[in-house]
Amino acid sequence: MSSSIDSMLRPATGVTPGVHRLAHVLALITLPSGLWRIALVAGLPVVNTTIVLPFSERVQIVGLSVFAELLALLSLGLVQRWGEVVPGWLPLVGGRPVHRFAATVPAALGAAALTGIWTFAVVNVLTGTTSGGLDYFFPTVAQKAVLLVCYVPLVAWGPLLAVLTIAYYRRRTPDRVAAVAPVAFAAGRHEGRRIGD
């Protein structure tokens, strides 16, 4: 079981080290904002201390943080084996190949949506559209600075996801797969001989 998990978490054939690192950066890009929201729910002074959140909003905020991190972690599927073959432990579909469009279409739509959302947010902040609200919710310079440090990485989420999506699609196209497969097979045979010696 552990060997099958290890094989699923290894980089897929043809993934360059740079793209592999980028996927791991992207998987962590939502972490600062998620921690900021957890700090908010915990009552730390990251916002105006007179603001009291009802319990239902606290639950929603924690849920949003978990959901955003899970979405970011899905980007690892664009560089690991489980993004090409469904893990065997999943009933009915386990072991089946993942069609490249089943991954690239949602990833491309997500990249476009995230780019639009965070571009809109940045434009609103830079043009002062939300400055009154910012001053009320974040009355101190330190609170505004912490907010910026935690949320600015999200601006890169959409564009970086687009880069990973393009790399995944190009790697999974039939011509590319046909070119890489013999090299991967030869490397596997060479590795097998070396281990057997």
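Scope of this entry: the structure provided in the associated data block. Only a predicted model underlies this, so the values are computations on that prediction, with no experimental measurement involved.

In this section: helix H8 (residues 157-172). With 16 residues, H8 ought to run about 22 Å at 1.5 Å a step, and its terminal C-alpha atoms sit 22 Å apart, in line with that. Among all positions of H8, only Trp-157, Gly-158, Leu-161, Leu-164, Thr-165, Tyr-168, Arg-171 and Arg-172 are buried. The arc that holds the buried residues of H8, viewed along the axis, is 150°, so those residues lie on one side. Exposed residues pointing more than 90 degrees away from the buried face of H8 are listed as Ile-166 and Arg-170.

Looking now at the side chain of Ser-75. The topology assignment puts Ser-75 in the loop between helix H4 (55-74) and helix H5 (100-126). With sequence-adjacent residues up to four places away left out, Ser-75 is seen in contact with Ala-23, Leu-26, Ala-27, Leu-161 and Leu-164.

Another point: H4. A rise of 1.5 Å per residue sets the reference length of H4, with its 20 residues, at 28 Å; its end C-alpha atoms lie 29 Å apart and thus fit the reference within 8%. Taken together, the buried positions of H4 are occupied by Ile-61, Ser-65, Ala-68, Glu-69 and Ala-72. For H4, the arc enclosing every buried residue in end-on projection is 95°, short of the 170-degree limit, so these residues lie on one face. In this structure, H4 carries Phe-55, Gln-60, Phe-67, Leu-70 and Leu-74 as exposed residues pointing more than 90 degrees from its buried face. In this structure, the buried residues of H4 make contact with helix H2 (17-28), helix H3 (31-41) and H8.

What counts, and where the lines are drawn
- Residues numbered from 1 in each chain as written.
- Predicted model: local features only at pLDDT ≥ 70, side-chain atom pairs only at ≥ 80, totals over all residues.
- Heavy atoms only, no water.
- Helix = DSSP H or I, 4+ residues; strand = E, 2+ residues; numbered from the N terminus.
- Expected span 1.5 Å × (residues − 1).
- Buried < 20%, exposed > 50% of the residue type's maximum accessible area, 1.4 Å probe, protein only.
- Arc of directions from axis to C-beta.
- Contact = heavy atoms within 4.5 Å.

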